[in-house]
Amino acid sequence: QVQLVESGGGLVQTGGSLRLSCAASGRTFGSYAMGWLRQAPGKEREFVAGIGVTTSYADSVKGRFTIFRDNAKNTVSLQMNSLKPEDTAVYYCARAREFSPWMPAPRTVADFGSWGQGTQVTVSS
C-alpha cells in the first residue's frame, strides 16, 4: 500500500510558476512509473504528466510543465511555468498501476492505480 502526499499548490497569476512536490511511501518507489493528474471543477480527472523510463505530457501542458523524480528521496515533482487560468485544478500525485522499473511513462488516467489527496492550484486572470 502506497501513501502519496502532495504539496506546493497555491494561488498564482497568469504567467506565473509553481512547483508541486509529492512524497511517497514504500521501498519500491523506483519500480513504479509515477505522474500527475488534475481535476478542475465540473470536469473529469485528466492526465497531466507521467514519468517512467520516459516522460510524457498532456498536449495542453507540453512546453510549460516538467516532471521530475528523485528515487533516492521517494519524491516526484511537477514544475509548472507559464500558468494559465485553465490550469486551475486540484492536482494529484499518482502511481502507475503496473509494477515495472522498465515501464514507459504513463499517458492516461487509466494507467494509474493510486493517487494522493491532492493540492489546489489556482491561476488568476
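The rules behind these values
In this numbering scheme, every chain counts its residues from 1 along its sequence in written order. Local features in this predicted model are restricted to residues whose pLDDT is 70 or higher, and side-chain atom pairs enter the listing and the counts only when it is 80 or higher, whereas totals over whole chains, interfaces and linings include all residues. As a rule here, side-chain values cover all heavy atoms of the structure and leave hydrogens and water aside. Working definition: helices are DSSP H or I runs of at least four residues, strands are E runs of at least two. Numbering for both runs from the N terminus. All radius of gyration figures rest on C-alpha atoms, and the globule criterion is 2.2 Å times the number of residues raised to 0.38. Residue exposure (1.4 Å probe, protein chains only): buried if accessible area is under 20% of the type maximum, exposed if over 50%, otherwise partly exposed. Working rule for contacts: check all heavy atoms of both residues, and any pair within 4.5 Å makes them a contact. We get accessible surface area from the Shrake-Rupley algorithm with a probe of 1.4 Å; when it comes to residues, only the shown protein chains can shield them. In this count, Lys and Arg are taken as positive residues and Asp and Glu as negative ones, while His and the chain termini are left out. Where a charge lies is defined by one atom per residue type, namely NZ (Lys), CZ (Arg), CG (Asp) and CD (Glu). When DSSP finds two or more bridges between a pair of strands, those strands are recorded as paired. Here, axes are lines fitted to C-alpha atoms. For helices the fit covers the stretch in contact, and angles between N-to-C directions go from 0 to 180 degrees.

**Q** I keep staring at the overall build of the protein and nothing clicks. Help me out?
**A** Within the protein one finds 0 helices and 11 strands. By the compact-globule yardstick of 14 Å for 125 residues, the protein fits well, its C-alpha radius of gyration being 13 Å. With the C-alpha coordinates of the protein rotated into their principal frame, the extents come out at 40 × 25 × 25 Å. For the protein, buried positions account for 44% of its 125 residues. The contacts in the protein between residues at least 6 apart in sequence include a share of 64% that link residues at least 24 apart. In the structure as shown, the protein presents an accessible area of about 6,500 Å², 48% of it carried by carbon and sulfur atoms. Side chains of the protein carry 13 positive and 9 negative charges; the gap between the two charge centres is 5 Å.

**Q** Help me understand the sheet that holds strand 7 (residues 65-70) in this model?
**A** Within a sheet, adjacent strands bond to each other through the backbone by hydrogen bonds, running parallel or antiparallel. With antiparallel pairing, the 4 strands of this open sheet are ordered in space as 1-3-8-7. Edge positions in the open sheet fall to strand 1 (4-7) and strand 7, since each of these has one partner strand only. Strand-to-strand twist across the sheet, computed as the mean angle between neighbouring axes with direction ignored, equals 15°. Note that strand 1 and strand 3 (residues 18-24) share 4 bridges and pair antiparallel. What sits directly across from Leu 4, in strand 3, is Ala 24.

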